[in-house]
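Residue-level listing of the chains:
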Amino acid sequence: MRRKTNDSRIITLFLIALLCFSALPSTKHKPVLYIIGDSTVRNGDGTGRNGQVGWGTVMDTYFDTSRISVRNLAIGGRSSRTFITDGRWDQILVTLTKGDFVLIQFGHNDAGPLNDTARARGTLRGTGEDSVSIYNPIRKMQETVHSYGWYLRKYVMEAKAKGAIPIICSPVPRATWKEGRIVRSEYTDWAREVAERNGAFFIDLQERIALRYEALDSTRVKRFFPADHTHTNQEGAELNAAEVVKGLQSIRACRLRKYLRP
């Protein structure tokens, strides 16, 4: 009788231990896709209530969010420089970890002045290591301003140092036409150069979308841009996001592909 009692106690303790173990939270990391960029990626508060929608706002619909989290942290008005000087990149680095992804698109605001009193967001042209010291009237401090490529390299190298996977996109094109073609920006070449030289994946988003626009007509494309030639509505954002996804699908070595919905 005593042996049966002991056996019952052992079984009971084993079942309790099993239940306690199963109740523990999983230690497996659920990867995060961080999307960073300007207003063409996330416009306003991201709700689209102003009629303008960035492509990053609809990206979560393409991913299996039970397996990956999608965080669109782009913000309007920022350049590759000011997303950093605002402290936004540092905030991401706090939580960025191995197995995460960073989707990067800057360039639309990088051509602005370096030290104007309105935004002071410009970067030096190209991908060089040159820099210039300025007084920033908005931050009220001296600042060393680098090239567009320098800032992109910073994102790539710091993401890789965390074990994350960086993916650079060239800037989406504006609806600017010349002789029946969408005008291309030289920022695409610089973005590609940084990606290729620093081990990041690259999506030529500008060319992909420009070809889509050119396959339509300028009247149809104009419907995507309710306010200006830069910011899309919901339909335009969905077209742009679809091209991001197609770009990802074409990069066989990029593990982010496996989190896309079928």
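Reading the values: rules and limits
- Residues numbered from 1 in each chain as written.
- Predicted model: local features only at pLDDT ≥ 70, side-chain atom pairs only at ≥ 80, totals over all residues.
- Heavy atoms only, no water.
- Helix = DSSP H or I, 4+ residues; strand = E, 2+ residues; numbered from the N terminus.
- Buried < 20%, exposed > 50% of the residue type's maximum accessible area, 1.4 Å probe, protein only.
- Contact = heavy atoms within 4.5 Å.
- Pairing = 2+ DSSP bridges.
- Axes fitted to C-alpha atoms, helices over the stretch in contact; angles between N-to-C directions.
- Polar contact = N/O pair within 3.5 Å; in protein donor to acceptor, adjacent residues only side chain to side chain.
- Phe/Tyr/Trp six-rings, centres within 6.5 Å; stacked < 30°, edge-to-face > 60°.
- Expected span 1.5 Å × (residues − 1).
- 1 Å grid on protein atoms, 1.4 Å probe; cavity = no way out; pocket = protein on both sides within 12 Å on 5 of 7 lines; lining within 4 Å.
- Points joined across faces, edges and corners; volume = space filled by probe spheres on them.
- Nonpolar A, V, L, I, M, F, W, Y, C, P; charged D, E, K, R; others polar.

K.L.:
For this particular structure, what's the right way to read the overall build of the protein?
P.N.:
Secondary structure assignment for the protein yields eight helices and nine strands. With 262 residues in all, the protein has 46% of them scored as buried. For the protein, restricting intrachain contacts to residue pairs at least 6 apart in sequence, the fraction spanning at least 24 positions comes to 68%.

K.L.:
Even after reading the chapter, I still don't get the sheet that holds strand 1 (residues 32–37), so can you show me in this structure?
P.N.:
Taking strand neighbours across the sheet as the criterion, the five strands line up as 2-1-3-6-9 in an open arrangement whose pairing is parallel. Edge positions in the open sheet fall to strand 2 (69–72) and strand 9 (201–203), since each of these has one partner strand only. Each adjacent strand pair in this sheet contributes to an overall mean axis angle of 20 degrees, direction not counted. Where strand 1 and strand 3 (residues 101–105) come together, five bridges link them in parallel fashion. Across the sheet, the residue bridging to Tyr 34 is Val 102, located in strand 3.

K.L.:
Can you help me understand the side chain of Glu 143 in this one?
P.N.:
Along the chain, Glu 143 turns up in strand 5 (residues 141–146). Note on Glu 143: relative accessible area 6%, which makes it buried. Within the structure, the side chain of Glu 143 is placed 3.4 Å from the side chain of Arg 139, a separation counted as a polar contact. Discounting chain neighbours no more than four positions away, the residues touching Glu 143 are Arg 81, Thr 85, Val 132, Ser 133, Ile 134 and Asn 136.

K.L.:
Honestly, the packing of aromatic side chains in this entry has me stumped. Any pointers?
P.N.:
To describe a pair of aromatic rings, one takes the distance between the centres and the angle between the planes. Across all of its chains, the model carries eleven aromatic pairs by this definition. With 5.5 Å between their ring centres and 10 degrees between their planes, Phe 106 and Tyr 155 make a pair best called stacked. Of this pair, Phe 106 sits in the loop between strand 3 and strand 4 (131–136) while Tyr 155 sits in helix 4 (residues 148–161), and the two are 49 residues apart along the sequence. Across the pair, Tyr 155 and Phe 106 agree in class, each one buried. Plain terms: the ring middles of Tyr 148 and Tyr 187 are 4.8 Å apart, the flat faces sit at 85 degrees to each other, and that makes the pair edge-to-face. You can see Tyr 148 sitting in helix 4 and its partner Tyr 187 sitting in helix 5 (residues 187–198), a full 39 residues away along the chain. In this structure, Tyr 148 and Tyr 187 share a single accessibility class: buried.

K.L.:
Please clarify how the environment of Arg 153 should be interpreted in this entry.
P.N.:
Tracing the backbone shows Arg 153 in helix 4. Among the residues examined, Arg 153 registers a relative accessible area of 16% and is labelled buried. Each C-alpha atom, one on Arg 153 and one on Ala 200, is 9.4 Å from the other, the two residues being 47 residues apart in sequence. Apart from the residues within four sequence positions on either side, Arg 153 is in contact with Thr 127, Gly 128, Glu 129, Ser 147, Val 194 and Asn 198. Only 3.1 Å separates the side chain of Arg 153 from the side chain of Glu 129, close enough to count as a polar contact.

K.L.:
Which parts of the structure should I look at to understand helix 8 (residues 234–249)?
P.N.:
Owing to its 3.6 residues per turn, the α-helix brings residues three or four apart onto one side. Taking 1.5 Å as the rise per residue, helix 8 with 16 residues should run 22 Å; its terminal C-alpha atoms sit 22 Å apart, in good agreement. Within the sequence span of helix 8, burial applies to Gly 236, Ala 237, Leu 239, Asn 240, Ala 241, Ala 242, Glu 243, Val 244, Val 245, Gly 247 and Leu 248. On its buried face, helix 8 is in contact with strand 3, strand 6 (165–169), strand 9 and helix 6 (205–215). Residue Asn 233 occupies the N-cap position of helix 8, its side-chain oxygen lying 3.2 Å from the main-chain nitrogen of Glu 235.

K.L.:
Could you clarify how one ought to interpret the layout of surface pockets in this entry?
P.N.:
Unfilled space is identified by rolling a water-sized probe across the atoms. By volume, the largest pocket is sized at about 200 Å³. Together, 13 residues line the largest pocket, and His 108, Arg 174, Arg 184, Ser 185 and Gln 206 are the ones closest to its centre. Residues that form the lining of the largest pocket fall into these classes: six nonpolar, five polar and two charged. In this model, the second largest pocket occupies a volume close to 160 Å³. Every residue lining the second largest pocket is listed: Tyr 34, Arg 42, Arg 71, Leu 73, Ala 74, Ile 75, Phe 83, Arg 88, Gln 91, Ile 92 and Thr 95.

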